[in-house]
Amino acid sequence: MAIIEAKNLTYTYPGGTQPAIKGVSLTIEKGDFVILTGPSGCGKTTLCRCFNGLIPHFYAGRLEGELKVAKLNVTESPIYEMACHVGLVFQNPENQLFALSVEKDVAFGLENLGMPRDEIRKRVDWALQMTDIEELRERAPHELSGGQQQRVAIACVLAMQPEVMVLDEPTSFLDPLGAQKIFEVISELNRQLGITVILVEHRLDLASKHANHVVIMDERTIVLDDKPREVFDSESARLIGVGIPKATKLWQMLRQNGIRLDRAPVNSEEAIQLLRGVLKRDRG
Amino acid sequence: MIEVKGVSFTYPTGVEALKGVSLEIRDGEFIAIMGSNGAGKTTLVKHFNGLLKPASGEVFVGGVSTRNVSIASLARKVGFVFQNPDHQLFCETVEEEIAYALKNFGFEEEIVKNRVTWALNLLGLTQYRQTSPFMLSGGERKRLALASVLAWDPKVVVLDEPTIGQDYEQKEKLRQFIVQLNAQGKTVIVVTHDVEFVADCGPRIVLMAEGKIVADGDAKEILTNKELAFKASIVPPQITQIFLGLADFGLPMDVINVHEAGRILFNFLKEEVKP
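Values in this document were obtained by computation on a predicted structure and should not be read as measured data.

## Re the domain arrangement of chain B
Accessible area lost on assembly of the parts is the figure often given for the size of an interface. Residues and elements named next belong to chain B. One can read the domain layout of chain B as domain 1 (2-236) and domain 2 (237-275). Every contact between the two is made by 10 residues of domain 1 and, on the other side, nine residues of domain 2. Residue contributions to the side of domain 1 that touches domain 2 peak at four residues, all from helix α7 (residues 195-201). Of the residues belonging to the side of domain 1 that touches domain 2, the class tally is five nonpolar, one polar and four charged.

## A few points about helix α5 (residues 117-130) of chain A
Residues and elements named next belong to chain A. For α5, built from 14 residues, the straight-helix expectation of 20 Å at 1.5 Å per residue is met to within 8% by its first-to-last C-alpha distance of 20 Å. When we look at burial in α5, the residues that qualify are Arg123, Val124, Ala127 and Leu128. Buried residues in α5, looked at end-on, bunch into an arc of 130°, giving them a common side. Opposite the buried face of α5, by more than 90 degrees, sit the exposed residues Asp118, Glu119 and Gln129. As for α5, its buried residues are in contact with α4 (102-112) and α6 (146-159). Count one or two residues on from α5 and you reach aspartate 132, which has phi positive near 60°.

## Focus: the environment of glutamate 58 of chain B
All names here are of chain B. As for its placement among the helices and strands, glutamate 58 is situated in strand β4 (residues 56-61). In this structure, the C-alpha to C-alpha distance between glutamate 58 and glutamate 3, residues 55 residues apart in sequence, is 8.1 Å. When neighbours within four sequence positions are excluded, glutamate 58 is seen to be in contact with Lys5 and Ser65.

## Some points on unusual backbone geometry
Negative phi characterises most residues that are not glycine, and trans characterises most peptide bonds. Residues and elements named next belong to chain A. Between isoleucine 55 and proline 56 the backbone carries a cis peptide bond, its omega angle lying at 10°. Here proline 56 lies in helix α2 (residues 54-57). We note that aspartate 132 has phi near 60°; this positive angle belongs to a residue other than glycine. If you trace the backbone, aspartate 132 turns up in the loop between α5 and α6. A positive phi angle is found at glutamate 219, which is not glycine, with a value near 50°. Residue classification places glutamate 219 among the partly exposed residues on the basis of 13 C-beta atoms within 10 Å.

## Concerning the sheet that holds strand β8 (residues 187-191) of chain B
All names here are of chain B. On the basis of which strands lie adjacent, the open sheet formed by six strands has the order β6-β7-β8-β3-β9-β10 and mixed pairing. With partners counted over all chains shown, the strands left at the sheet margins are β6 (78-81) and β10 (212-218), one partner each. Each strand axis lies, on average, 15° off the axis of its neighbour in the sheet, ignoring direction. In this sheet, β10 lies alongside strand β9 (residues 204-209) in antiparallel orientation, the contact comprising six bridges. Bridging from a neighbouring strand, arginine 204 pairs with aspartate 218 of β10. Along the sheet face, helix α5 (residues 138-150) touches β6 and β7 (156-160) and points at about 170° away from the line of β6.

## Some remarks on the environment of leucine 207 of chain B
All names here are of chain B. Along the chain, leucine 207 falls in strand β9. C-alpha of leucine 207 to C-alpha of glycine 124: the two residues are 83 residues apart in sequence and 32 Å apart in space. Sequence-distant contacts of leucine 207, defined by excluding residues within four places in its chain, comprise Met34, Gly35, Ile213, Val214, Ala215, Ile222, Leu228 and Ala232.

## What about the nonpolar core?
With 169 residues, the main nonpolar core has Val34 and Ala155 of chain A together with Ile33, Ala147, Val158 and Val198 of chain B as its most contacted residues. Ranked by residues supplied to this core, first place goes to α6 of chain A with eight residues.

## Overview of the interface of chain B and chain A
Facing 36 residues of chain B, the contacting portion of chain A comprises 40 residues. Breaking the side of chain B that touches chain A down by element, the ones donating at least two residues are α5, α6 (168-183), α7, α10 (238-244) and α11 (258-273) of chain B. The greatest single-element share of the side of chain B that touches chain A, amounting to eight residues, is contributed by α11 of chain B. In terms of residue class, the side of chain B that touches chain A is made up of 16 nonpolar, 16 polar and four charged.

Conventions we followed
Residues numbered from 1 in each chain as written. Chains lettered and ligands numbered in written order. Predicted model: local features only at pLDDT ≥ 70, side-chain atom pairs only at ≥ 80, totals over all residues. Domains from an automatic or database assignment. Contact = placed C-beta atoms within 7 Å. Helix = DSSP H or I, 4+ residues; strand = E, 2+ residues; numbered from the N terminus. Nonpolar A, V, L, I, M, F, W, Y, C, P; charged D, E, K, R; others polar. Expected span 1.5 Å × (residues − 1). Buried ≥ 20, exposed ≤ 12 C-beta atoms within 10 Å, placed from the backbone. Arc of directions from axis to C-beta. Pairing = 2+ DSSP bridges. Axes fitted to C-alpha atoms, helices over the stretch in contact; angles between N-to-C directions. Core = buried A, V, L, I, M, F, W, Y, C linked by C-beta atoms within 7 Å.

As structure tokens, then:
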């Protein structure tokens, strides 16, 4: 079942001379883990802002085409209604956090929904635990490091338990182990709770093992939309200059030299498995 | 040359960020400072241009202790590009942003003009000359922050997390750019988490954890050491992970770069398939 359906979406910011995205058509199935990537300025963030209605309701401007998210028509549904279904983690956590304590920031969305006090407590505890920031509960978000702020921003959205989570480079300030852990948390939510995940990411080496769907944008529109293996090994991905995982790149280099492996690996585990097969075969 | 001798630093909040750090950086070196969030990387590099002064110990830049000189005069030698460009940018236009420090350093108008044009061109920002910095994308703002520092031609350039928000092509450009800066004799110090970026650059790595330096060596040696990596919250590059997983076939275990990996595997498999 499709949870997001975009048909020929074109959007221009107020005062903009040209559209920030144009002719975007995309279907995302419920439970998908999507990686959305592409060169800077290609329209990824703009598309994300459409998913929860910030575009057009907050940014104004002109939105053409059709967009349905969680059965809601985005142009006709107010942001507060969209927010119950779609959570957005911003690129820069400083733009998202404002309360005087982490706990209050995480509780803010729930309070606005008028949720009972006990339920808010439970959800806040759960979200802080999932993102491993329980010890930051009383700290002021603006005093935290970039990486810690990103965890808080994720916790805020997690607490809302939305059907769709859109994360715009959510781990850019985190160290690799921290980033890996966050990706695992997101992946867990995706698998266990069936939350649909849309992850904007450049660091494909770390993230791609969790995804079942990759969308690449270039020049304000979608140019590739398929399973990870098909996208990473395509000629267009190379031409656009997407940083495909090193495992896939290694496979391509071997293929150029006449060494064939069964399929393109998208992460190190797959590459090891495939290479072990070849190495054994050649020995035997 | 930058010499750090037994430096400790505690923030007013009581967080002990550096615990007796000693380090020597020679002129013209290319260094990546890596390690977990909160390991003290940014705190350490903020000592290089005097933004922070050690609580105990001493930092010497060009033989002079940072305690005895102003930030302004240190900044001329050590340019600092912040992690978050929004902490650095404030002018009305991109052009004014780059000119700001130059004017403050007292450069003549003609030189300021030339340097601004040069820096805009260098970082591919010429088309945004009259644009407000805040209209730029995250990646573009990062490049502007870098342009405004390079404009005054400091001998040492410190880049705090330069690859954040940069796409693959920009990262590749940035890498070539840094290598070029370094080849021209500049000392380049990069604070980063980006293991794949470092694997492509191959600099000397200073690894930090909990306010201390836990390892110092070349990229190959540090990035392929699983235990060290774990200690500093980094993940070995994907290529290294693959080679560690193939170690029992007698392949080398210290591979970090995809091109080297391709060559090794090709030669190995070529040999193996021979009758």
